[in-house]
Amino acid sequence: MAHKKKKILFVDDDVNLLGVLRQLMGEYAGNAWEILTAPDVSKALGALQEHRIDLLVIDIHMPLVDGLQFLNLLQRKYPNILKVVLTGDATEQHRATCLSSGAEFFLEKPRDSGGWHSVYATLHELTRFQPEEGFHGVLRRVGLQDVLQMECLARNSSLLKISAGNIQGLVYVKDGQIIHAQCGNRTGEDAFNYLLSLSGGEFDVRPFTAPPTQSISGSWEFLLMEAARKRDEDGSPAPSSGGTDDGLSTPPVVASSERNTPAIVPVIDSGTRIVSEEPITPAQERAPAEAAEPKVDELLVCSLQGEVLHEWQCNNTNGRVGFLEFLSQKARLLGRGLPLGDFDRLEIDGADCRVVAQIQSDIGLFVRTSTVKTEDPLGSMQP
Amino acid sequence: MKDQVNQWFEQSVPFEGILACGVRFPDQTSATKIWADGFEDVAVENALRCVVDGFQIVQMNRINPYRLRWVYSGAFLYCERRQDGTCLGVFTAKTIESTGREELERFFGEFQAVARGGAL
């Protein structure tokens with residue numbers, strides 16, 4: 001009886017090592033394995049969509065998205081795929097993190113051929129256990145955000161079907177951009193924010209199909225950050241999985257009246273030169289949020305080693321990169337000795353703009369938005 | 001000015017959601033108040049130094065900041081700076097937006113108004 005070949009995917013940014021693995025493991029496994037390799041998470045996600053992978057072997061230190069982040073994504077998106085971490089940085093902290101993130105084994109990269117054979121034997125034993133067909137995910141606040149982030153980073157096209165109780169929603173991702181969301185009577189960013197505020201439920205990543213319309217045009221980075229910010233700013237519970245969606249009421253987490261609007265202190269001209277200053281009064285302090293919509297003016301994504309990964313309308317790239325590097329160091333220093341937890345981002349409310357600078361792992365994100373008044377812009381400024 | 005801000009700060013009372021706060025003056029002295037476990041004067045003073053640096057680097061990037069909010073997984077740090085350079089940093093719980101937002105705004109309003117002729 002012919003045995004079906006097991007598909008083993010090795011993910012490592014060291015392409016030389018991938019070559020060695022392909023050769024060595026191929027020799028050990030004979031015809032039992034089909035060995036696939038990917039030098040980064042993006043290509044690994046592509047391979048996962050193309051093939052039915054039986055076992056993933058992942059390095060920890062990789063640029064852009066590291067192995068730990070990838071494990072977290074896999075745990076939600078592909079919980080039934082067997083995962084093993086193979087690293088040269090086998091610390092106890094990494095071991096604990098990886099095993100708690102769904103890795104079956106945490107292996108150290110060997111330095112001799114005997115060691116590689118032990119690795120093969122371990123992987124071989126593991127592949128003898130067949131996981132169940134199919135998968136399902138548990139939707140948590142961070143979970144859905146992570147999945148969307150990874151779909152966008154990988155420039156995937158997919159359709160996320162989200163359900164929580166009677167609530168059903170869809171998020172369309174095309175070539176790494178979130179282009180449409182719908183949930184009941186809601187569409188666009190309203191639906192997107194609503195879905196990301198759900199406290200529990202299920203999601204299913206499906207092949208992309210064209211949406212009925214394109215209701216979202218903003219950058220995915222900004223969309224995700226805004227959704228996170230709205231959740232943070234709201235202390236009331238998010239819609240639960242047992243709730244119903246009438247499509248009419250706005251959930252607390254996206255209530256625009258909670259938005260942190262900048263007060264008008266200095267009045268500055270287009271060249272950011274201060275031309276006058278007005279004392280603020282309580283009435284002036286907050287313009288009605290519903291009368292203003294944010295417009296993205298500038299966006300930059302960079303590694304904290306200074307490599308610009310993506311920028312849009314950024315006229316001071318070096319300055320922004322330097323700012324993010326500064327922020328990364330300073331945020332850590334600021335939190336020293338204080339029970340603040342992990343740093344996530346700095347929000348800057350300026351006179352005519354809002355900046356969010358976020359640091360996650362080795363990636364920095366800088367987004368500057370301005371406020372576009374949509375109704376009665378002068379009336380809101382009156383004392 | 002410093003005496004007046006100091007006096008206001010000493011007389012300020014805690015509100016729901018506040019964990020600790022501190023004020024740092026242009027002469028690099030500071031004062032702190034702590035209500036939550038785990039916060040110590042030295043660490044809050046260190047944080048205030050970082051806040052001042054943060055305002056400077058933000059301005060170097062040609063952004064004129066009105067307020068900074070440092071977001072950590074377990075708390076917020078809200079910061080404002082007066083025209084005379086005095087900085088106020090307020091550590092709050094993450095529920096502040098729903099439980100103590102008005103008090104927080106009042107607190108910063110008082111900070112900006114003290115010794116400037118504004119009504120407290």
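Here, every reference points to the structure presented above.
Residues numbered from 1 in each chain as written. Chains lettered and ligands numbered in written order. Predicted model: local features only at pLDDT ≥ 70, side-chain atom pairs only at ≥ 80, totals over all residues. Heavy atoms only, no water.

Colleague: I'm lost on unusual backbone geometry in this one. Help?
Modeller: What is expected of a backbone is that most residues other than glycine have negative phi and most peptide bonds are trans. Although it is not a glycine, Asp175(A) adopts a positive phi angle of roughly 50 degrees. By secondary structure assignment, the location of Asp175(A) is in the loop between β8 (167-174) and β9 (177-183). For Gln28(B), which is not glycine, the phi dihedral falls at a positive 70 degrees. The topology assignment puts Gln28(B) in the loop between β1 (18-24) and β2 (30-34). (Helix = DSSP H or I, 4+ residues; strand = E, 2+ residues; numbered from the N terminus.)

Colleague: Sorry if this is basic, but what is going on with the pairing of strand β4 (residues 76-81) of chain B here?
Modeller: Regular strands place their side chains on alternate faces of the sheet. Residue and element names in this part refer to chain B. In terms of residue burial, β4 counts as a mostly covered element, since five of its six residues are buried. Sheet analysis places strand β3 (residues 65-72) next to β4, joined by four bridges and oriented antiparallel. Pairing of Trp70 across the sheet is with Leu77, part of β4. Where β3 hands over to β4, the hairpin turn is made up of three residues, counted between the paired strands. Note: β4 against strand β5 (residues 87-92), six bridges, orientation antiparallel. Across the sheet, the residue bridging to Tyr78 is Val90, located in β5. In sequence, β4 turns back onto β5 through a hairpin of five residues, with Gly85 there showing a positive phi of about 100 degrees. (Buried < 20%, exposed > 50% of the residue type's maximum accessible area, 1.4 Å probe, protein only. Pairing = 2+ DSSP bridges.)

Colleague: Help me understand the sheet that holds strand β1 (residues 6-11) of chain A, please; the structure alone is not making it clear to me.
Modeller: What links the strands of a sheet is backbone hydrogen bonding, and the strands pair in either a parallel or an antiparallel sense. Residue and element names in this part refer to chain A. Spatially, β2-β1-β3-β4-β5 is the arrangement adopted by the five strands of the open sheet, whose pairing is parallel. The outermost strands of the open sheet, each flanked by one partner alone, are β2 (33-38) and β5 (105-108). Neighbour-to-neighbour, the strand axes of the sheet open up by a mean angle of 20 degrees, direction not taken into account. Where β1 meets strand β3 (residues 55-58), four bridges bridge the pair, whose relative direction is parallel. Pairing of Leu9 across the sheet is with Leu56, part of β3. Together, β1, β2, β3, β4 (82-87) and β5 form the strand contacts of helix α5 (residues 113-127), whose direction differs from that of β4 by roughly 170 degrees. (Axes fitted to C-alpha atoms, helices over the stretch in contact; angles between N-to-C directions. Contact = heavy atoms within 4.5 Å.)

Colleague: Would you mind going over the side chain of Asp297(A) with me for this structure?
Modeller: Residue and element names in this part refer to chain A. Mapped onto the fold, Asp297 is located in strand β14 (residues 292-303). There is a polar contact of 2.7 Å between the side chain of Asp297 and the side chain of Lys295. Among the polar contacts made by the side chain of Asp297, one reaches the side chain of Ser370 at a distance of 2.7 Å. In contact with Asp297, not counting residues within four places along its chain, are Trp312, Gln313, Arg368, Thr369 and Ser370. (Polar contact = N/O pair within 3.5 Å; in protein donor to acceptor, adjacent residues only side chain to side chain.)

Treat this as a map of the structure, not an account of what it does.
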